[in-house]
Amino acid sequence: MGEKGIIEHPELLKLGEPLPPGNPHGISVHLPKWEDTLGWAKRDPRVVDTMKTGYPRFFIPRVVDRLADRLLEHFTQTHSHSQESGIDLKDKHALIVSTGHHALMCRQFFRQKVDPASEQTVPPPILIAHWQGSITAIRENDDLPSPNPPPPPPPLGQEDIFLVPYPTDMFPFAKSFWQHTGFGISSRRATYWIDCAPFFLCFQPTPPTPFNHEFNESTTTTALSLIRTRLAKSYSTSSLPIAPSDIFLYPTGMSSTAALSSAIKSLVLSTSTSTSNQPPRTPCVALFGFLYVDTLKLLSTLLGFSLHLFPYSTSLPSLAKSLASGELAIDLLVTEFPGNPLMQSPDVAGLYELSRKHGFALVVDDTVGGTGANVNVLRKCDAVVSSLTKMVSGGCDVMGGCLVLNPGGVRYGVLNGVLKGEGVGNGDGGMDPRVEEKRDLGYTADLNSEKEGDGIMEEVKLNGEISTKKKGNQGIEEERAWFPADIAVMERNSRDFVHRVRKASANADWLVHNLLRPHLSVQEVYYPKGSSTESIYEQFRVRPTKEDEGEGEYGFLVSIKFLTPAKARAFYDAMAVAKGPSLGTNFTLCCAYTLLAHYRELEWAAEFGVVEDLVRISVGLEEKEWLGERVSRALKAARECVTSDGQRG
């Protein structure tokens, strides 16, 4: 097989082996049997202790845990006789995040979760670890240091990292924060600290020669620019060209959702306090469809939005009636196009019309839609968020996320300003004239080359002169949160992502219509083509243009409901492909979706049609013959399965 990233003999993989095999930064893990997935969901030591890695938001990388332990030990040793010796880190572990802003959010989250009856009445401090070895403690009521003027940023990769200690019995809450936000540091950053930080080297009996790898600012800036330019091309149309400056990049997909939601929340709070003497109201979000549980928890538990859930079956007229009557008042509506795992396509055009009429922002997660390669919904929403971890990378070895603003949207100016830390809205939510002029001058050149970077300094054409505007401190901090080595891997992986999205999607289409839907053991196949919402999907499917003769397909993700749970398990166990969490990998990846994502809310998931025994396949780039043989063999096992009482499954 000629495509990159294929696993030719996945049947040889062992339980707990990283995916891709042998890669220390692999972001999935092989769970070959249904019982293995159930064991992971139940945290069975038989499974958990075998796992060398896991999906990085579900499974804190072991190298990150090692770094946290070593830094806590280092702090204890170096501060035992100082004024900070009163800080008790006994029976404490720590989360590590890349920015002070995220550390403050984490501390506040822990503060809310401390049991008033426990001895732990005062949360531990935030610890700021500096590359050269010192660690600064920020106590409970202290703010993070903000020197004026701020010092120049350190060399790339040597930025401070932030530890938020917590009692070990609060691990479930720490795991929740790590999982739902995507704010944790990557395995590559943790490895770089352990291998290269000078003070770690000093404590070895015979210090080795210091690792001399340094990250080049210019190279990293160029890589970021290349990624932005590829994404801008993917989302651009003749009527709505997208500039690379409309693309915001983040270390994970969830952190892009967090950044946009936080920006909208800050705008809501600032508006409510400036127009009323009353306390600021609680921002409100509606989730339309069956959204990822982490999105739900991020918005409600961590960001403090009040929450309304609307299944895909909700009619837009009834939603419009609730909005018009004042019964429902929302600031943000989030949906997926198409939805994971049932592949339904919400009426985005109708939702956008409601958003403009009733004044809420509409955000669409198009990860399953191929990040602009298969469908393009940007013209009918305020912003798109997408996980680059999936098919944009495809390599299953790096995390990343993006946020794309609709330059024609009524909220473009204010959102652009808040996200860049500049506050450059024009007051009515429209595009700032200076930004509009810059786009007119520059987007064509940006889209036709892969050379220019956005950098930290940004030139804005103003009154006939060039002025230079610095990004806000938080904007710089957020931008440097994505580790340079991860950026380099994402840039390399993403060079042909549109081709890969469409090839994997063509493979999925072939499997659905030739093998899965015709099979007698299958009750339903969830796939956009042939679904009840296919006509909506078609409205946004990418069509050929002069610049791109290819057209969007129907997606690489397929979910299957079998006639019985026994058939689902037999199919899964016999499916000779890689099996584990995630989607959008160059190799075919199968999972017992509901057990992985919703084991603790199975009844709730079932109310949305997401049954416990749902099997999901992220189809890869393998040749059709290879895929067909393996799927056919698994279907045969489903047809022939026998239950424990000797009956046919």
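Note that this is a predicted model, so its numbers are computed, not measured.

## Quick notes on the overall build of the protein chain
- When helices and strands are tallied, the protein chain shows 22 helices and 20 strands.
- Each of the 649 residues in the protein chain was classed as buried or not, and the buried ones make up 58%.
- Contacts spanning at least 24 positions in sequence make up 71% of the contacts within the protein chain whose residues lie at least 6 apart.
- When the accessible surface of the protein chain is summed, it comes to about 26,900 Å², and 52% of that surface belongs to carbon and sulfur atoms.

## Brief notes about the confidence of the model for the protein chain
- Residues of the protein chain with pLDDT of at least 70 account for 84%, and the chain-wide mean is 86.
- Note that pLDDT drops below 50 for residues 208–212; the model gives that stretch 5 contacts with residues more than four away or on any other chain.
- pLDDT under 50 marks residues 424–472. Its contacts with residues more than four places away, or in other chains, come to 99 contacts.

## Observations regarding the sheet that holds strand β17 (residues 557–562)
- The strand order across the open sheet built from 5 strands is β16-β17-β20-β19-β18, with neighbouring strands paired in mixed fashion. The sheet is open, and its two edges are formed by β16 (522–526) and β18 (578–579), each paired on a single side.
- In terms of strand pairing, β17 meets strand β20 (residues 615–618) through 4 bridges, oriented antiparallel. Across the sheet, S559 pairs through a bridge with R616, a residue of β20.
- Against the sheet, helix α17 (residues 497–516) engages β16 and β17, with an angle of about 20° to β17.

## Details of the pattern of salt bridges
- Following the criterion strictly, the structure yields 21 salt bridges and no others.
- Residue D36 is joined to R46 by a salt bridge in which the shortest nitrogen-to-oxygen separation is 2.9 Å. Note that D36 is positioned in helix α1 (residues 34–41) and R46 in helix α2 (residues 45–48), a separation of 10 residues in sequence.
- R46 gets classed as partly exposed once you look at its relative accessible area, which sits at 40%.
- In this structure, the salt-bridge partner of D486 is R188, at a minimum N-O distance of 2.9 Å. Residue D486 is located in helix α16 (residues 484–493), and its partner R188 is located in helix α6 (residues 187–196); the two are separated by 298 residues in the primary sequence. Accessibility assignment for this pair places D486 and R188 in one class, buried.
- Several salt bridges share partner residues, and in doing so they unite E159, R189, E217 and R480 into one network.

## Some thoughts on the sheet that holds strand β3 (residues 92–97)
- Taken in spatial order, the 4 strands line up as β3-β6-β4-β5 in an open sheet, and their pairing is antiparallel. One side of each edge strand has no neighbouring strand; the edge strands of this open sheet are β3 and β5 (135–138). The average angle at which neighbouring strand axes cross in this sheet is 30°, direction not considered.
- In this structure, strand β4 (residues 126–129) lies alongside β5, joined through 4 bridges in antiparallel fashion. Paired with I128 across the bridge in β5 is T136.
- The strands that helix α4 (residues 100–113) touches are β3, β4, β5 and β6 (161–167); relative to β6, the one it contacts most, it runs at about 10°.

## A few points about the nonpolar core
- Residues L67, L71, L319 and F571 are the most contacted members of the largest nonpolar core, which totals 199 residues.
- Setting aside anything within four residues of it in sequence, one finds L71 in contact with I96, A129, I135, I161, L163, F199 and F200.

## So, the packing of aromatic side chains
- Enumeration over the complete set of coordinates arrives at 22 aromatic pairs.
- A ring pair is formed by W131 and Y192, whose centres lie 5.2 Å apart and whose planes are at 20°; its orientation type is stacked. Of this pair, W131 sits in the loop between β4 and β5 while Y192 sits in helix α6; the two residues are 61 residues apart in sequence, bridging distant segments of the chain.
- Note on W131: relative accessible area 7%, which makes it buried.
- Ring pairing ties together the aromatic residues W131, Y192, W193, F199, F200, F215 and F483, which thus form one cluster.
- Cation over ring: R43 sits above W40, and NZ or CZ is 3.9 Å from the ring centre.
- Between R70 and the ring centre of F200, over which it is positioned, the NZ or CZ distance is 4.4 Å.

Definitions and limits used
- Within every chain, residues take consecutive numbers counted from 1 along the sequence as written.
- Owing to the predicted nature of the model, reporting of local features is limited to residues with pLDDT of at least 70; listing and counting of side-chain atom pairs is limited to 80 or more, with chain, interface and lining totals taken over all residues.
- The basis for every side-chain value is the complete set of heavy atoms in the structure, and neither hydrogens nor water enter the calculation.
- Strands here are runs of E lasting at least two residues and helices are runs of H or I lasting at least four, both read from the DSSP assignment and numbered beginning at the N terminus.
- Residue burial is assigned from relative accessible area. The probe radius is 1.4 Å, only protein chains are included, and a residue is buried under 20% of its type maximum, exposed over 50%, and partly exposed in between.
- Contacts are assigned to residue pairs with any non-hydrogen atoms lying within 4.5 Å of each other.
- Throughout, the Shrake-Rupley method with a 1.4 Å probe supplies accessible areas, and for residues the shown protein chains are the sole cover considered.
- On a range of 0 to 100, pLDDT expresses the predictor's confidence in each residue.
- In this scheme, strands are said to pair when DSSP sees at least two bridges between them.
- Think of each axis as a best-fit line through the C-alpha atoms, taken over the contacting stretch in the case of a helix, with angles from 0 to 180 degrees between the N-to-C directions.
- We define a salt bridge as a side-chain nitrogen of Lys or Arg found within 4 Å of a carboxyl oxygen belonging to Asp or Glu.
- To qualify as a nonpolar core, a set must consist of buried Ala, Val, Leu, Ile, Met, Phe, Trp, Tyr and Cys residues joined through side-chain atoms within 4.5 Å.
- Pairing of aromatic rings covers Phe, Tyr and Trp, the last counted by its six-membered ring, and requires centre-to-centre distances within 6.5 Å; plane angles under 30 degrees mean stacked, over 60 mean edge-to-face, and any other angle means tilted.
- Look at NZ for Lys and CZ for Arg. If either is within 6 Å of the ring centre and within 35 degrees of the ring normal, a charge sits over the ring.

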